Amino acid sequence: MLFSVLYLLVFATASLKKRKIHYPETNDRLKFVILFPAYKEDKVIVSSVKSFLTQDYPKSCYDIVIISDQLQDETNDQLFQLPVELLIANYEDRTKAKALNFAMDNLNKDDYDVVVVIDADNTVNSNFLNEINKAFLFGIKAVQTHRVAKDVKTDMEILDAASEEINNSFFRSGHVRLGLSSALSGSGMAFEHKWFKKYIKNVSSVGEDKELELELLKQGIYIDYLEDVYIYDQKVQTQDVFYNQRRRWIATQYDNFSRSIKHMPEALRTGNIDLCNKIIQWVMLPRLILLGFIMLFAILFLFIDMFLAIKWWILLLFMSLALAIAIPDEMVNERLIKVLKNLPKLFVLMVVNLFRMKGAKKKFIHTEH
């Protein structure tokens, strides 16, 4: 627990540093294909696609591809009216990995330079492709953009938005500040087309972003984090959805560690620090469980041995400091503090998750990003 807390504190502190690297302006334009997997997303997919069509980027240099999986006929008709390519899914296992593979196998063209993966409820700013274009022309082969919450209304959306920003600080901005690769985040990701087309075929789990991340790190390919390039994501609205999402994440993390640990000797031998770091990440406890256990032990040892309790309270102080640094200042308000009352209940649910790993490995539809 001490190692985990110090690990988080180091990267939280690093995230405070100003980024010095800015990719230069360029008149060259790469060719993009934008993949929108859409499983029963009739309420949001049309507005998301229309939002993307406002890009300040030549229309001839990007194609939007929607993978329509059980969308209503009315929705498909609306999409047909837009300048997009619509693919009607015919596969069985309803996973995002299946949708991405289906798209890559059925594209009308193959002259793309970059693949961008967007969730059906995501919206972006007009400079989205321009900024990614600059990074890839500079030589970057994989990027993660900055996912932020949109339309935050419920308590759970506030908590989920805070959790996302905390992870952004720990595993994205903090990492790139220290020269390590960013973690991928499921959407708002971009990859070199040839690389993605080759390796997406090997991806089959519900944790498709982590499988891609592992493959990139094994090959020594750096993943950059474009902190100033935003993609707006709908957060979970209820405790049940939050619980099920975290349950899937724990199962995915367990699978990631099982799949990656065999690569640790080779990573150590070749000095692949990025891969070693990622394997260490996947063996650590989830942040909420870590915080909950530290707090539990701190209180428990007050009744057992006051002297032994001191180290737990110091550890709790360090953990709280890491979380406080990681949360953006603009998110800290009375409502967030009020929402934190849900943490004890969520901690209990997360601990229960640890004993329900088998059930969490069942197939999840790809909308549960």
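It should be emphasised that the depicted structure is a prediction, and the values quoted were computed from it without experimental measurement.

Reading guide: rules and limits
- Residues numbered from 1 in each chain as written.
- Predicted model: local features only at pLDDT ≥ 70, side-chain atom pairs only at ≥ 80, totals over all residues.
- Heavy atoms only, no water.
- Core = buried A, V, L, I, M, F, W, Y, C linked by side-chain atoms within 4.5 Å.
- Buried < 20%, exposed > 50% of the residue type's maximum accessible area, 1.4 Å probe, protein only.
- Helix = DSSP H or I, 4+ residues; strand = E, 2+ residues; numbered from the N terminus.
- Contact = heavy atoms within 4.5 Å.
- Pairing = 2+ DSSP bridges.
- Expected span 1.5 Å × (residues − 1).
- Arc of directions from axis to C-beta.
- Polar contact = N/O pair within 3.5 Å; in protein donor to acceptor, adjacent residues only side chain to side chain.

Focus: the nonpolar core
L35, I67, F191, W195, F196, L212 and L216 are the most contacted members of the largest nonpolar core, which totals 38 residues. Among the elements that line this core, the one with the most residues is helix α4 (residues 96-105), at 6 residues. Sequence-distant contacts of L35, defined by excluding residues within four places in its chain, comprise V65, I67, L100, A103, M104, V115, V116, V117, I118 and F196. With 37 residues, the next largest nonpolar core counts F32, V49, I64 and L71 among its residues.

Let's talk about the side chain of H146
Position of H146 relative to the elements: it lies in strand β6 (residues 142-150). Relative accessible area serves as the criterion here: at 8%, H146 is assigned to the buried category. Once you skip the residues sitting within four places of it in the chain, H146 turns out to touch E165, N168, Y225, L226, E227, V229, Y230 and I231.

Comments concerning the pairing of strand β4 (residues 114-117)
It is a general feature of regular strands that their side chains alternate between the two faces of the sheet. Because side chains alternate across β4, one face comprises the buried residues V114 and V116, and the other comprises V115 and V117, equally buried. For strand β1 (residues 32-39) and β4, the ladder comprises 4 bridges, and the chain directions are parallel. Paired with V33 across the bridge in β4 is V115. Pairing analysis gives 4 bridges linking β4 to strand β7 (residues 189-192), with the strands arranged antiparallel. Following the sheet pairing, V115 is matched in β7 by F191.

A word on helix α13 (residues 306-326)
Helix length check: α13 (21 residues) gives 30 Å between terminal C-alpha atoms against 30 Å at 1.5 Å per residue, within 8%. A309, W312, L315, L316, M319, A322, L323 and A326 are the residues of α13 that are buried. All buried residues of α13 lie within an arc of 135 degrees about the axis, which places them on one face of the element. Exposed and facing more than 90 degrees away from the buried side of α13 are M306, F307, L317 and A324. Elements that come into contact with the buried residues of α13 comprise α1 (2-14), α6 (155-177) and α12 (287-302). At the N-terminal boundary of α13, the capping side chain belongs to D305, with an oxygen 2.9 Å from the backbone nitrogen of F307.

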